[in-house]
Amino acid sequence: MANRSVGVSPLPLVELLHIVHRYGETEVLSDVSLTLSGGEVIGLVGDNGSGKSTLLKIIAGYHQPTSGVVRVLGRPTTLRNAGQSRALGIEPVYQDLAILDDLSLWRNFFLGKERRRGRFGLGLLNARWMRKECETRLRELGLSRIQSVEMPARLLSGGERQALAVTRAVYFGAKVLLLDEPTASLSAREAGNVLQAISAARQRGLSVLYIDHNLHHVLPVADRVVVLEHGRVVSELRASQVTEDELQRLIAPPLSHT
Ligand SMILES: Nc1ncnc2c1ncn2[C@@H]1O[C@H](COP(=O)(O)OP(=O)(O)OP(=O)(O)O)[C@@H](O)[C@H]1O
Ligand SMILES: [Mg+2]
């Protein structure tokens, strides 16, 4: 059985301490500290260019911070590349990542992690088991439009793709999910699929860092909301204690006429 349940970790999974990041001369993150804990969704919001994607890419191992410390499970860690982050259970989920259009849903779900028969997993593919397992996961997710796990992935909507990718990452033991605008250009219904997959990941004890401009999507699933402005954390609030309007004002304060 694959490791599907990581349990709620009492430890912070990832901590960023005083992160500074420069692209050449330009400083785009200034002294950012952030803690990602198990069983928690953090909504990361802020204006265009405020540094959200850069922050996510640092955790994903794509960029190394100019200065500051990253701790994973309490240990100072240098994330040199995406493979290293992934090996630690940190999984960025991209819109088109690792989904092959012509393969069936179940083949996609188990892509590169196929279950085989035989004592050492060297035999034929255990297709029956994989189909059933994939069916169960998708049913749990409530993707009601999907009739069969034999259908090719090309027939999935954008939201269903994202939801499948999130579910797959959770199933194979990710501890931290990184999502950069996963609902961009999706219809409300499709976005619902993604939000449901995010909630399910949280329930399983994962930590989710979720970037979205659409506060209507972020607020209902986030536990905490962190607002970035020009590379600095300007607010950090419990999602239940702020309305969409209030949050919008924190992101883009009304112009002052003084
Ligand atoms: N690879 C790069 N090289 C140079 N500058 C970059 C690079 N990536 C981003 N930037 C700059 O860094 C700043 C922060 O960009 P980032 O993509 O992190 O912002 P963001 O908050 O994700 O914005 P958006 O909401 O528009 O996606 C921007 O000014 C951007 O132009
Ligand atoms: Mg971005």
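It should be emphasised that the depicted structure is a prediction, and the values quoted were computed from it without experimental measurement.

Student: Quick question: what am I supposed to make of the pattern of salt bridges here?
Tutor: Two side chains of opposite charge can pair, provided their charged atoms sit close to one another. As enumerated under the stated definition, the model contains twelve salt bridges in all. Note that Glu27 is salt-bridged to Arg22, the shortest N-O span being 3.2 Å. The residue Arg137 makes a salt bridge to Glu140 at a minimum N-O spacing of 2.8 Å. Here Arg137 and its partner Glu140 are both found in helix α4 (residues 127-141), three residues apart, which amounts to about one turn of the helix. Arg137 gets classed as buried once you look at its relative accessible area, which sits at 7%. Connected through salt bridges with shared partners, the residues Glu133, Arg137, Glu140 and Arg204 form a single ionic network.

Student: Even after reading the chapter, I still don't get the domain arrangement of the protein, so can you show me in this structure?
Tutor: Where interface size is given, it is often the accessible area lost as the parts come together that is meant. In terms of domain boundaries, the protein breaks down into domain 1 (12-98 + 158-251) and domain 2 (100-155). Distance from the C-alpha centre of domain 1 to the C-alpha centre of domain 2: 28 Å. Contact residues are listed per partner, giving 14 residues for domain 1 and 19 residues for domain 2. For the domain 1 and domain 2 pair, buried surface summed over both sides reaches about 1500 Å², with 56% attributable to carbon and sulfur atoms. Counting across the interface, domain 1 meets domain 2 through two salt bridges. We note a salt bridge from Arg204 to Glu140, for which the minimum N-O separation is 3.3 Å. Elements represented by at least two residues in the side of domain 1 that touches domain 2 include exactly α5 (158-171) and α6 (188-203). Looking at which element gives the most residues to the side of domain 1 that touches domain 2, the answer is α5, with seven residues.

Student: Honestly, the packing of aromatic side chains in this entry has me stumped. Any pointers?
Tutor: Aromatic rings considered in pairs are described by the distance between their centres and by the relative angle of their planes. Under the defined criterion, the tally for this structure stands at seven aromatic pairs. Seen from their ring centres, Phe109 and Phe110 are 5.3 Å apart, and the 65° between their planes marks the pair as edge-to-face. A connected cluster of aromatic rings, assembled from ring pairs, spans Phe109, Phe110, Trp129, Tyr171 and Phe172. The ring of Trp129 has Arg115 sitting right over it, with the charged end atom 4.0 Å from the ring centre.

Student: Please clarify how the pairing of strand β1 (residues 12-23) should be interpreted in this entry.
Tutor: Within a regular beta strand, the side chains point alternately toward one face of the sheet and then the other, so they alternate between its two faces. As judged from the eight bridges shared by β1 and strand β2 (residues 26-37), these two strands associate in the antiparallel manner. Residue pairing across strands places Pro12 opposite Ser37, the latter belonging to β2. Between β1 and β2, which follow one another and run antiparallel, lie two residues, and Gly24 among them has a positive phi close to 60°. Bridge count for β1 against strand β4 (residues 67-72) is five bridges, and the pairing is antiparallel. Its bridge partner being in β4, Val20 is matched across the sheet by Ser67.

Student: Is there a simple way to think about the side chain of Ser104 in this case?
Tutor: By secondary structure assignment, the location of Ser104 is in the loop between β6 (90-93) and α3 (105-109). Sequence-distant contacts of Ser104, that is, excluding residues within four places in its chain, are made with Val149, Glu150, Met151 and Pro152.

Definitions and cut-offs
Residues numbered from 1 in each chain as written. Chains lettered and ligands numbered in written order. Predicted model: local features only at pLDDT ≥ 70, side-chain atom pairs only at ≥ 80, totals over all residues. Heavy atoms only, no water. Salt bridge = Lys/Arg side-chain N within 4 Å of Asp/Glu carboxyl O. Helix = DSSP H or I, 4+ residues; strand = E, 2+ residues; numbered from the N terminus. Buried < 20%, exposed > 50% of the residue type's maximum accessible area, 1.4 Å probe, protein only. Domains from an automatic or database assignment. Contact = heavy atoms within 4.5 Å. Buried area = accessible area lost by both parts, 1.4 Å probe. Phe/Tyr/Trp six-rings, centres within 6.5 Å; stacked < 30°, edge-to-face > 60°. Lys NZ or Arg CZ within 6 Å of the ring centre and 35° of its normal. Pairing = 2+ DSSP bridges.

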